[in-house]
Amino acid sequence: MEFINTYVKGLDERIEGGIPKGSVILISGPTGSMKSSFSFYIAYNYLKDKKEGNVVYISLEQSRESLINQMLSLGMDIDKLPKNCEFNIFDWGLMRRIVKDAGRQEDINWINAIINPVKEFAKNKKLDFVILDSLNALYAISNLKNPRNQLFFLFEAMRELGATTLAISETSYNSMQFGTYDVEGFLADCIIHLSMERIGRTLGRYISIIKIRGVKHSSDYYPLIVDTKGFRIISH
Amino acid sequence: MDSKDLIDLKIEKTLYPIFGNLSEIIVEVSKKKINRNDLGEKEYARIMSEEIKKFIERFAGEELADKTYKELLNSLKFEIGE
């Protein structure tokens, strides 16, 4: 099995060198736990490190402009990546607006609609990462009649792309359910939980690797520090 | 159905592998930005292709927009006269 670094200082050595390449990884956590930034950070640093590669970020809610500005504030500028790197952001918020304006929401199979452009994009090139932000937004626009089945096929389609998929799942505070339907964690190959805890007047961030299929790893929660130098953990 | 409707259908067909049934909506939205009746067939085909390129650029960035634009020009080469 080949592994990809998370580039979180101190974390990779605790999970046998990173996350399994080509797998589906569930990035789970409450609002404000930096799920989008964390996912962006892994893919961005992969490109920066390898000096080549392709990423597709499927943003179902946040606009491309807003996402780019958010990442710039964390020191990640996709325009400054090496020449052979492509960090593509698919702004599905824009597409959702035109579908709504046309009054055609009911006509769209959103799961297929979201995967098709990525497949087309990956036709003549190797795709390294796909980031799906977020599963919750996908649930909000698509009518999942059989979530377990449909999510199974969604994750399979992602695996077939050959890229490592980071699927973002928003949960409630203090929840140990990692997805809305409680099947996302089972269907994914790996779960990374970003959590938050109020300590007096401060809010502490934590990270834990809940599951990596076929890999022994620590399941401790590590304090997570985030600044313009990147993400790092404080190990005990 | 006039010749411009046929152009719309060709555009939809070109977009279909990428956008599925969103293609029809993308064409509909782009049509609304253009003074369809004031344009000849050739101008209409080119301007629609450019409008769709702009939309895809906003949606997915330059690369997919350029690729799709080339495909549109190729499928509309008879209408554009190239």
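Just so we're clear, the structure is a prediction, and the values are computed from it rather than from any experiment.

Analysis parameters
Residues numbered from 1 in each chain as written. Chains lettered and ligands numbered in written order. Predicted model: local features only at pLDDT ≥ 70, side-chain atom pairs only at ≥ 80, totals over all residues. Heavy atoms only, no water. Helix = DSSP H or I, 4+ residues; strand = E, 2+ residues; numbered from the N terminus. Buried < 20%, exposed > 50% of the residue type's maximum accessible area, 1.4 Å probe, protein only. Contact = heavy atoms within 4.5 Å. Pairing = 2+ DSSP bridges. Expected span 1.5 Å × (residues − 1). Phe/Tyr/Trp six-rings, centres within 6.5 Å; stacked < 30°, edge-to-face > 60°.

Draft legend 1. The arrangement of the environment of Asn84 of chain A in detail. Residue and element names in this part refer to chain A. Looking at where Asn84 falls in the secondary structure, it is placed in strand E5 (residues 84–91). Residue class for Asn84 comes out exposed when judged on its relative accessible area of 51%. Spatially, the C-alpha atoms of Asn84 and Glu52 are 4.7 Å apart, while their sequence positions differ by 32 residues. Once residues within four sequence positions are removed from consideration, Asn84 is found in contact with Lys51, Glu52 and Gly53.

Draft legend 2. Quick look at the pairing of strand E4 (residues 52–59) of chain A. Residue and element names in this part refer to chain A. Burial analysis of E4 places 7 of its 8 residues in the buried class, the great majority of the element. Pairing between E4 and E5: 8 bridges, direction parallel. Among the inter-strand pairings, Asn54 is bridged to a residue of E5, identified as Glu86. Where E4 lies against strand E6 (residues 129–133), 5 bridges are found, and the strand directions are parallel. Of the residues in E6, the one forming a bridge with Tyr57 is Ile131.

Draft legend 3. Broad picture of helix H4 (residues 110–121) of chain A. Here H4 of chain A is 12 residues long and its end C-alpha atoms lie 17 Å apart, about the 16 Å a rise of 1.5 Å per residue gives. The buried fraction of H4 of chain A amounts to 9 of the 12 residues, a majority that puts the element mostly inside the structure.

Draft legend 4. Structural view of the packing of aromatic side chains. A complete count under the given rule lists 13 aromatic pairs over all chains for this structure. Between Phe90 of chain A and Phe59 of chain B, the ring centres sit 5.5 Å apart and the planes meet at 40°, which makes this aromatic pair tilted. Of this pair, Phe90 of chain A sits in strand E5 while Phe59 of chain B sits in helix H3 (residues 41–60), each in a different chain. The class of Phe90 of chain A is buried, set by a relative accessible area of 0%. Ring geometry for Tyr139 of chain A and Tyr181 of chain A: centres 4.8 Å apart, planes at 70°, overall edge-to-face. In this pair, Tyr139 of chain A is assigned in helix H5 (residues 135–141) and Tyr181 of chain A in the loop between strand E7 (164–170) and helix H7 (184–187), connecting sequence segments 42 residues apart. Residue class for Tyr139 of chain A comes out buried when judged on its relative accessible area of 11%.

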